[in-house]
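Okay, here's what each chain looks like letter by letter:
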Amino acid sequence: MSVHVIGAGVAGLAAACQLTEAGHHVILFEAAKTAGGRARSHYDNVLGCRIDNGNHLLLSGNISTLSYLHRIGAKRSLTGPAGPVFPFHDLRTGEDWTLRLNQGSFPWWLFSRRHRVPGTRLHHYLGLLKIRKAKPADLVAPLLAGTGPLYTQLLELLAVSALNTSPHVAAAAALRSVFEETLELGGYATIPRYARIGLSETFVDPALDWLRQHGADIRLGERVTEISPGQATVLAVPPWAAAELVPGLLVPNEFESIYNLHFKYALPPGEAGFWGFIGGMTEWVFAHSNVLSVTISAASRYADMSPEDIAAKVWSEIASAFSLSPEIPIYRAIWEKRATMLATPAQMARRPKTRTANPNLMLAGDWTDTGLPATIEGAIRSGNAAALALMSNFNS
Ligand SMILES: Cc1cc2nc3c(=O)[nH]c(=O)nc-3n(C[C@H](O)[C@H](O)[C@H](O)COP(=O)(O)OP(=O)(O)OC[C@H]3O[C@@H](n4cnc5c(N)ncnc54)[C@H](O)[C@@H]3O)c2cc1C
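Note that the coordinates shown come from a computational prediction; the quantities given were computed from them, not determined experimentally. (Residues numbered from 1 in each chain as written. Predicted model: local features only at pLDDT ≥ 70, side-chain atom pairs only at ≥ 80, totals over all residues. Heavy atoms only, no water.)

### Some remarks on the pairing of strand β7 (residues 85-90)
Where a strand is regular, its side chains alternate between the two sheet faces. For β7, the buried fraction is high: six of the six residues fall into the buried class. In β7, alternate side chains face the same way, and those of Val85, Pro87 and His89 on one face and Phe86, Phe88 and Asp90 on the other are all buried. Where β7 lies against strand β8 (residues 96-100), five bridges are found, and the strand directions are antiparallel. Among the inter-strand pairings, His89 is bridged to a residue of β8, identified as Asp96. Hairpin connection of β7 to β8: five residues between the antiparallel strands, including Gly94 at a positive phi of 80 degrees. (Buried < 20%, exposed > 50% of the residue type's maximum accessible area, 1.4 Å probe, protein only. Helix = DSSP H or I, 4+ residues; strand = E, 2+ residues; numbered from the N terminus. Pairing = 2+ DSSP bridges.)

### Some remarks on the UniProt feature "domain: Amine oxidase" (unreviewed entry) in the protein
According to UniProt, the positions carrying the feature "domain: Amine oxidase" (unreviewed entry) are residues 10-388. Counted over residues 10-388, helix gives 29% and strand 20%. Its end C-alpha atoms are 16 Å apart. (UniProt positions renumbered as here; feature names shortened; annotations may be inferred.)

### Digging into the site of the ligand
Close to the ligand lie 34 residues, the nearest being Glu30, Arg38, His56, Leu57 and Asp366. The contact in question runs from an oxygen atom of the ligand to an N or O atom on the side chain of Asp366, over 2.7 Å. Calculation on the ligand without its partners gives an accessible area of 1000 Å², and the protein chains cover 91% of this total. Only α1 (10-21), β2 (25-30), β12 (255-263), β16 (331-341) and α11 (376-395) provide two or more residues apiece to the shell around the ligand. (Near = heavy atom within 4 Å. Polar contact = N/O pair within 3.5 Å; in protein donor to acceptor, adjacent residues only side chain to side chain. Areas by Shrake-Rupley, 256 points an atom, 1.4 Å probe, with all protein chains shown as cover.)

### Here's the deal with the sheet that holds strand β15 (residues 292-296)
Strand-to-strand pairing in sheets goes through backbone hydrogen bonds, with the strands running parallel or antiparallel. The seven strands lie next to each other as β8-β7-β13-β14-β15-β12-β16, forming an open sheet whose pairing is mixed. Sheet topology places β8 and β16 at the edges, where each strand pairs with a single neighbour. Within this sheet the neighbouring strands show an average axis-to-axis angle of 25 degrees, counted without direction. Contacting β7, β8, β13 (274-278), β14 (284-287) and β16, helix α5 (residues 149-163) runs over the sheet at an angle of about 110 degrees to β13. Each of β7, β12, β13, β14, β15 and β16 is contacted by helix α9 (residues 307-322), which is oriented at about 60 degrees to β12, the strand it contacts most. (Axes fitted to C-alpha atoms, helices over the stretch in contact; angles between N-to-C directions. Contact = heavy atoms within 4.5 Å.)

### Focus on the packing of helix α2 (residues 63-71) against α11
At their nearest, the axes of α2 and α11 sit 8 Å apart, and the two run at 65 degrees to each other. Classed by the angle they form, the pair α2 and α11 counts as roughly perpendicular. The hand of the α2/α11 crossing is left-handed. Here Ile63, Ser64, Thr65, Tyr68 and Arg71 of α2 lie close against α11, whose contacting residues are Ile376, Glu377, Ile380, Arg381 and Asn384. Along the lines of polarity and charge, the residues of the contact of α2 with α11 split into four nonpolar, three polar and three charged. (Parallel < 35°, antiparallel > 145°, perpendicular 65-115°, else oblique. Left-handed = near helix turned anticlockwise from the far one by under 90°. Nonpolar A, V, L, I, M, F, W, Y, C, P; charged D, E, K, R; others polar.)

Below you can see the structure in the form of structure tokens.
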């Protein structure tokens with residue numbers, strides 16, 4: 001059977017691989033000249049090297065991502081610390097500390113003051129259980145208020161990073177699956193993972209190679225402008241593009257930005273290769289071989305600041321944390337304005353299911369109703385689900 005997959009972000013790539021492996025002939029259409037969508041790498045002529053559009057942090061519990069990478073022969077392209085280790089720098093106190101979970105499923109680390117988040121007691125962690133019972137209208141910040149210093153030292157940063165939405169307006173239920181599939185399973189599911197070389201080298205190029213080797217037809221630079229109702233299709237484009245192609249489709253229509261700064265600076269990677277920052281503008285710092293990359297989520301709050309002012313503030317925080325020269329190295333700022341959907345209760349309610357009114361047309365993308373926030377794991381899972389739904393129609 002010939003199947004059209006529209007959009008070569010990770011959702012479309014995952015769908016294309018799943019369909020190809022099942023023996024279907026896939027034609028993959030991508031509007032841009034390069035594949036990868038919101039997870040891509042490119043050569044930057046200011047820095048003189050390849051960079052990613054933004055740091056992407058995954059966890060070992062992201063099982064759909066790991067099996068996708070296994071399928072395309074790219075599992076070894078992820079790297080990260082040997083265990084569930086998260087180093088942090090607190091800009092308010094100047095303190096460095098490391099969250100060190102144990103590998104097994106029982107959380108022994110919670111009983112050791114040395115392993116817990118500084119200043120937290122066991123009962124603060126019990127407050128986390130509220131996430132399990134979060135109702136659709138519950139918001140992250142009020143629901144987790146009882147977790148005290150655990151919130152200000154850790155959960156606030158984790159929530160804004162996972163949901164790319166201010167915890168004051170973000171749906172708490174959106175965090176449930178993240179906790180269920182990582183922290184609640186134990187340390188072995190919470191080991192940080194990120195691209196060894198770059199996002200394209202991990203998620204995109206190996207998939208394109210694999211698809212070509214298996215007979216798929218890949219058409220880069222071909223924007224699809226209409227969908228033929230009788231053609232089996234996976235639509236894996238962003239929500240605004242899906243709404244244009246499928247009239248009447250309800251989709252998320254509010255978005256949040258992510259700001260990434262790439263400084264030309266070689267810093268020893270330390271134990272994990274990255275650090276979480278608390279109490280400032282900087283949120284995550286990744287030490288690549290000759291570039292320090294900084295991520296700031298829910299970045300619309302800084303929309304009034306100039307790129308120069310943001311870079312100056314972020315570099316001053318990094319310089320103070322690592323005792324570096326205050327002189328700002330050359331840098332590239334990448335502001336992804338529609339990085340993800342806004343994870344408010346109202347926007348979560350607008351996420352459509354995989355199946356549409358047309359049995360030949362399935363939806364995929366991080367913005368569909370995956371049960372996960374808008375992440376690589378959610379996007380890949382949505383692509384798999386769309387492929388499986390189409391194939392179940394072929395068989396019925
Ligand atoms: C800066 C940044 C940091 C992030 N950090 C993380 C992170 O740390 N961890 C994590 O898990 N996730 C992270 N994410 C989210 C992650 O990148 C996305 O969830 C994922 O890439 C979305 O993939 P997708 O395939 O659903 O959509 P997209 O990547 O948007 O792919 C859609 C594709 O469709 C194409 N297209 C659009 N219209 C058409 C058309 N008419 N015809 C053909 N093609 C079309 C587009 O060009 C695009 O390539 C981050 C995102 C950004 C931007």
